[in-house]
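In case you want the letters, here they are:
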Amino acid sequence: LICLSPTFLEFTRSDSVYIASQDYFEGAYGDGPYQTFFSSNYTPVAWNFVQPVNKSEHTLTLTVYLFNMLSVGESTVQPGACIFDNEGQLVWDASFYNTTLVFQVETYLGEPHIVIWSGDILNIGVGSGYINLLNSQYQRVARYTTNLTDVSGPVLADFHDTRITSRNTAMMTSYPTLEFDLSPVGGPATGYILDSVFQEHNISSGETLFTWHASDHVDPSVCHNPLGGGGGSPSQAWDYFHINSIDPSSNDGNYLISSRHCFAVYFINGTSGDIIWQMGGDNSSFTMGNGTEYSWQHHARWACMFFVSDEPVSRALYLGLNFTNMTVELIQEFLSVNDTISLSQGSAQAQPNGDILTGWGFMPWYGEFTSAGDLIWKAQFGVIGEGNNEAYRMLRFNWTGEPTAPPDLAVANTVSSSSGSSNNMISFYVSWNGDTRTSRWELIGASDSSGSEAQSLYNQTRTGFETTITFNTAIKSHDYYAVRALSGNGTHLGTSNFTKVGNGVLAVVIGGWRMLLVVVSAVYALQTL
């Protein structure tokens, strides 16, 4: 016991969602608290709602879920993609895709699908991998990547953004290395850049429909990312443009893209590739009004944009574009929910009711504002950011998850606090990764593992990701137990495998490990003193 580390203590203490917890805020649960469960080995981030939603004033739809892209961090126990409900409870753990920075819902062939990137994140801040398209059963229906024939060597899809268009085609970004004369900007004549490319593909055939290279249209001289001593070799290629979002127009076939390092958003002709107009940066097509200037921006969308600015705090900006006078007006700004500057990443997403959902990237905070700029709620998913806890984006979508795998069930005998012996009270812990339809769990018992002639024993309302059912087997004892998932109207959705209970075959002795925690905590505290 004496040799156990503080990391173990952080594991055992963080198994819930926190509401305005000062202990969480001050780091009492570690720099990256996380949840744990009996029925699964998932360890998603634990949230602390510093300012929870006032439910008498704001109602969030139950079928709308938060899609979180947790990046690798020194304090992050489990990086990767997760779906949470609006109260911070886990819905789907997709960490088996490893760290992903694209995770969202797109419509394909008239049905909602999850788009998720998987691959390698390179130390130069770009990715090399594939886009996976998943249906509501979390089954992959397509996998695709970029197809660049005009560069040397294979270049796979980058993680910065991908979209599905109304034409059922896929858009994605990539970063090929290109030999380039950098002498006009103080670099070597035989220099190298990371070019920013986006492509549109036919998903079913793989045919490339459109390719756009930043190097063909934007001169590196307008870059605000210092060249420094870079650009002299392929391994030190200069990332002068850094494309980090793409948004297809729904009515004209053109594209809106963001260049983080040129401080500009560009509107691209979908046929010729010419720049129709540029907002921000050097040579802006628009006169930028008061409060509309931005830099190092991220996540440009036709409804809203997130910008990381050279200012005291980061802002999400809602901008109005006047194409008659070619001016940009600040409609509303939304200040960082923790009053700090975020050095990278982040998102702002307009909601159907006009609210703005924000993620603050390099700082471990989320928040939501009314259209007038009033904060509705804010939450932290870690104590410190800046490489310790960070999330690429936070987005919200309607989603119905229908997993095909059975629910997970763990069984545990409770222990009498007075005698230390087991009794007839059995706790059943049930979860179903990815399911959004279950309203109730039905405990059933049978005499054999096949579940033949199973009898209904108890019904329990679903609570969060994992629901606990405690049952007195003295009332009606069986050798095998399972749980059924029931929808709101009583439809049977799925059944766990039957688990044998009895003769000492138990998964966990709850009282035992909780007592162990008390002992370990006490010993560690004494050692610290």
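Owing to the predicted nature of the structure, the values given are computational and were not obtained by experimental measurement. The residue count restarts for each chain, going from 1 along the sequence in the order it is written. At least 70 in pLDDT is required for a residue's local features to be given in this predicted model, at least 80 for side-chain atom pairs to be given and counted, and no such filter applies to totals for whole chains, interfaces and linings, which use all residues. Hydrogens and water molecules were not included; the side-chain quantities draw on all heavy atoms of the structure.

(A) Broad picture of the overall build of the protein. Counting its secondary structure elements, the protein contains 3 helices and 38 strands. Here a residue-residue contact requires only that any non-hydrogen atoms of the pair lie within 4.5 Å. For the protein, restricting intrachain contacts to residue pairs at least 6 apart in sequence, the fraction spanning at least 24 positions comes to 55%. Put simply, DSSP marks the helices as runs of H or I at least four residues long and the strands as runs of E at least two long, and each gets a number from the N terminus on.

(B) Seen up close, the side chain of Ser249. Looking at the secondary structure, you find Ser249 in the loop between strand S16 (243–248) and strand S17 (255–259). Given a relative accessible area of 5%, Ser249 falls into the buried group. When near neighbours in sequence (up to four residues on either side) are disregarded, Ser249 contacts Arg167, Asn254, Phe267 and Trp302. Note on classification: 1.4 Å probe, protein chains only; a residue is buried when its accessible area is under 20% of the maximum for its type, exposed when over 50%, partly exposed between these limits.

(C) Fine view of the pattern of salt bridges. For this analysis, a salt bridge means a side-chain nitrogen from Lys or Arg found within 4 Å of a carboxyl oxygen belonging to Asp or Glu. In the structure shown here, the tally under the stated rule is 11 salt bridges. Between Asp161 and Arg393 there is a salt bridge, with its nearest N and O atoms 3.8 Å apart. With a gap of 232 residues between them, Asp161 in the loop between strand S9 (140–144) and strand S10 (162–164) and Arg393 in strand S29 (residues 391–398) connect regions that are remote in the sequence. For Asp161, a relative accessible area of 0% translates into the label buried. Exposure remark for Arg393: the relative accessible area of 1% places this residue in the buried category. Between Arg396 and Glu368 there is a salt bridge whose closest N-O contact spans 2.8 Å. Here Glu368 lies in strand S27 (residues 365–369) and Arg396 lies in strand S29, a separation of 28 residues in the sequence.

(D) Structural view of the sheet that holds S27. For two strands to be treated as a pair, DSSP must find no fewer than two bridges joining them. Strands sit in the order S1-S2-S28-S27-S26-S25 across an open sheet of 6 strands; the sheet is mixed. In this open sheet, the two edge strands, each paired with only one partner strand, are strand S1 (18–19) and strand S25 (347–350).

(E) The pairing of strand S2 (residues 48–51), seen in detail. Pairing of S1 with S2, which is carried by 2 bridges, proceeds in the parallel orientation. Looking across to S2, one finds that Ile19 is bridged to Phe49. Looking at chain direction, S2 and strand S28 (residues 375–380) are connected through 2 bridges and run antiparallel. When the sheet's bridge partners are listed, Asn48 is paired in S28 with Gln380.

(F) Region of the structure containing the sheet that holds strand S19 (residues 275–279). Strand order in the open sheet formed by 4 strands is S16-S17-S18-S19, and the pairing between neighbours is antiparallel. Both edges of this open sheet fall to S16 and S19, since each of them pairs with a single strand only. Averaged over all pairs of adjacent strands, the angle between strand axes in this sheet comes to 20°, irrespective of strand direction. Relative to strand S18 (residues 264–268), S17 runs antiparallel, the two being bridged by 5 bridges. Within the sheet, the bridge partner assigned to Ser258 lies in S18 and is Val265. To define axes, lines are fitted to C-alpha atoms, for helices over the stretch in contact only, and angles between the resulting N-to-C directions are given on a 0 to 180 degree scale.

(G) Structural context of the nonpolar core. Here, nonpolar core refers to any group of buried Ala, Val, Leu, Ile, Met, Phe, Trp, Tyr and Cys residues whose side-chain atoms link them within 4.5 Å. Core analysis: the biggest nonpolar cluster contains 27 residues, and Phe198, Trp212, Val218, Tyr240, Phe241, Ile257 and Tyr266 have the highest contact counts within it. The set of elements that each furnish at least two residues to this core consists of strand S13 (191–194), strand S15 (208–213), S16, S17 and S18. With near-sequence residues (within four places) excluded, Phe198 lies in contact with Met171, Met172, Thr173, Phe210, Thr211, Trp212, Ile243, Ile246, Tyr255, Ile257 and Ile268.

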